[in-house]
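The chain contents come next:
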Amino acid sequence: MKRKSTLTIPVLFVFIMTMAILSCDNDDSSDEAYDSQNELFVISTINTFPDKTNFYFTLDNGKTMFPGDKQEIDNKKYEDGQRAFVVFNMLKTPAEGYDYNIRVKQIREIPTKETLLIDKDGVIEEIGDAPVNATYMWITQDKKYLTVEYQYYNSQNSNEAHSLNLVTFSGANASPQVNENDEYMYLEFRHKAYQKNSDLLEEGYVSFKLENIKDLLEGKKGLRIRVNTIYEGPRFYNIDFPEVK
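Residues numbered from 1 in each chain as written. Predicted model: local features only at pLDDT ≥ 70, side-chain atom pairs only at ≥ 80, totals over all residues. Heavy atoms only, no water.

Engineer: Would you explain the pattern of salt bridges in this entry?
Structural biologist: One side chain can pair with another of opposite charge once the charged atoms of both are near each other. A complete count under the given rule lists 14 salt bridges for this structure. Between Lys76 and Glu109 there is a salt bridge, with its nearest N and O atoms 2.2 Å apart. A residue pair is termed long-range when its members are at least 10 positions apart, and Lys76 in the loop between strand 4 (64-69) and strand 5 (82-90) and Glu109 in strand 6 (residues 100-110) qualify at 33 residues. A residue is classified by how much of its surface remains accessible, and Glu109, at 32% relative accessible area, is partly exposed. Here the residues in one salt-bridge network are Glu39, Asp69, Glu72, Arg103 and Lys105, joined through shared partners. (Salt bridge = Lys/Arg side-chain N within 4 Å of Asp/Glu carboxyl O. Helix = DSSP H or I, 4+ residues; strand = E, 2+ residues; numbered from the N terminus. Buried < 20%, exposed > 50% of the residue type's maximum accessible area, 1.4 Å probe, protein only.)

Engineer: Can you walk me through the sheet that holds strand 8 (residues 116-118) in this structure?
Structural biologist: Within a sheet, neighbouring strands are paired by backbone hydrogen bonds and run either parallel or antiparallel to one another. Strands sit in the order 8-11-12-14-15 across an open sheet of five strands; the sheet is mixed. The sheet is open, and its two edges are formed by strand 8 and strand 15 (233-240), each paired on a single side. Across the sheet, the mean angle from the axis of one strand to that of its neighbour is 35 degrees, orientation sign disregarded. (Pairing = 2+ DSSP bridges. Axes fitted to C-alpha atoms, helices over the stretch in contact; angles between N-to-C directions.)

Engineer: Is there a simple way to think about the side chain of Ser44 in this case?
Structural biologist: On the secondary structure map, Ser44 appears in strand 2 (residues 40-48). The exposure class assigned to Ser44 is buried, which follows from its relative accessible area of 0%. Setting aside residues no more than four positions away along its own chain, Ser44 makes contact with Phe57, Thr58, Leu59, Asp60, Gln82, Arg83, Ala84 and Val86. (Contact = heavy atoms within 4.5 Å.)

Engineer: Teacher, can you tell me more about the sheet that holds strand 3 (residues 55-59) here?
Structural biologist: Read around the closed barrel, five strands run 2-3-4-6-5, paired in mixed fashion. Across the sheet, the mean angle from the axis of one strand to that of its neighbour is 55 degrees, orientation sign disregarded. Relative to strand 6, strand 5 is paired through eight bridges, and the arrangement is antiparallel. Bridge pairing links Phe85 to Arg108 in strand 6.

Engineer: Just checking my understanding: could you explain the nonpolar core for this structure?
Structural biologist: Nonpolar side chains tend toward joint burial in soluble globular proteins. Core analysis: the largest hydrophobic core is formed by 24 residues, its most contacted members being Leu146, Val148, Phe189, Leu223 and Ile225. Listed by contribution, the elements that provide at least two residues to this core are strand 9 (133-139), strand 10 (145-154), strand 11 (163-169), strand 12 (184-192), strand 13 (200-209), strand 14 (222-229) and strand 15. Ranked by residues supplied to this core, first place goes to strand 10 with four residues. Once residues lying within four places of it in the same chain are set aside, the contact partners of Ile225 are Met137, Leu146, Leu187, Glu188, Phe189, Arg235, Phe236, Tyr237 and Ile239. Membership of the second largest hydrophobic core comes to 17 residues, among which are Leu59, Ala84, Val86 and Phe88. (Core = buried A, V, L, I, M, F, W, Y, C linked by side-chain atoms within 4.5 Å.)

Engineer: Which parts of the structure should I look at to understand the confidence of the model for the protein chain?
Structural biologist: Low-pLDDT portions of the prediction should not be read for the details of their coordinates. Averaged over all residues, the pLDDT of the protein chain is 83; the fraction at 70 or higher stands at 74%. Low pLDDT, under 50, characterises residues 5-10; the stretch is placed with 20 contacts to residues that sit more than four places away or in other chains. Confidence over residues 25-31 falls short of pLDDT 50; this stretch has seven contacts with residues more than four positions distant or in other chains. (pLDDT = per-residue confidence, 0-100.)

Engineer: Honestly, the environment of Thr45 in this entry has me stumped. Any pointers?
Structural biologist: Tracing the chain through its elements places Thr45 in strand 2. When its relative accessible area of 6% is taken as the criterion, Thr45 is described as buried. Sequence separation of Thr45 and Thr64 is 19 residues, and the distance between their C-alpha atoms is 9.4 Å. Contact partners of Thr45, with chain neighbours within four places excluded, come to Tyr56, Phe57, Thr58, Gly81, Gln82, Arg83 and Tyr145. Here Arg83 takes part through its side chain, which lies 3.0 Å from a polar atom of the side chain of Thr45. (Polar contact = N/O pair within 3.5 Å; in protein donor to acceptor, adjacent residues only side chain to side chain.)

Here's what the structure looks like:
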């Protein structure tokens, strides 16, 4: 079995680095403007201003980071709400109105998609139900994003993209798992594959926006997600919303 990773940063290491940020105590006695000894990276949300050139980051725990130094990255315009890995150093000068001021070293975008609502007229075949593993899933503190660390088999010689979606059904397509009185909102993590005889285990990350179903999340404890796993078939995962701090 061969293995490929589209984003090679392990999620556990990302969380360790996030905790390192929260406990970071910069040494102001140094003459350097930034902490060059500690290069960090985290998953975050890019929040853009109207010109889309200027932006700041929101960490999954709700803390904010201002890119006080962007000289090492391209002057790219980002979509508001884009999820991304950010590699950076801490700047020693605070940024007013933000929790952290950083020197950005690299931004690696994570595919960021809307949650799909499919009613009785929706075309289910387009989202597929090929095997896929969700090795880790979590919800941001503001309940705006679900991020999934996934695995699926891909053909080593195929350039055809796979499609991953987070779906909720209604009408004739509604799952028997759906119960309006349930503590959890029912969703399905769907995978469409475009070739057979796959032999390459591919790993990566994808984020889904929950904003368009926020009304459906009212009064819920979290999400219940069906995943048609590679080795065990359909499994159901309950993911609680983060506690309000």
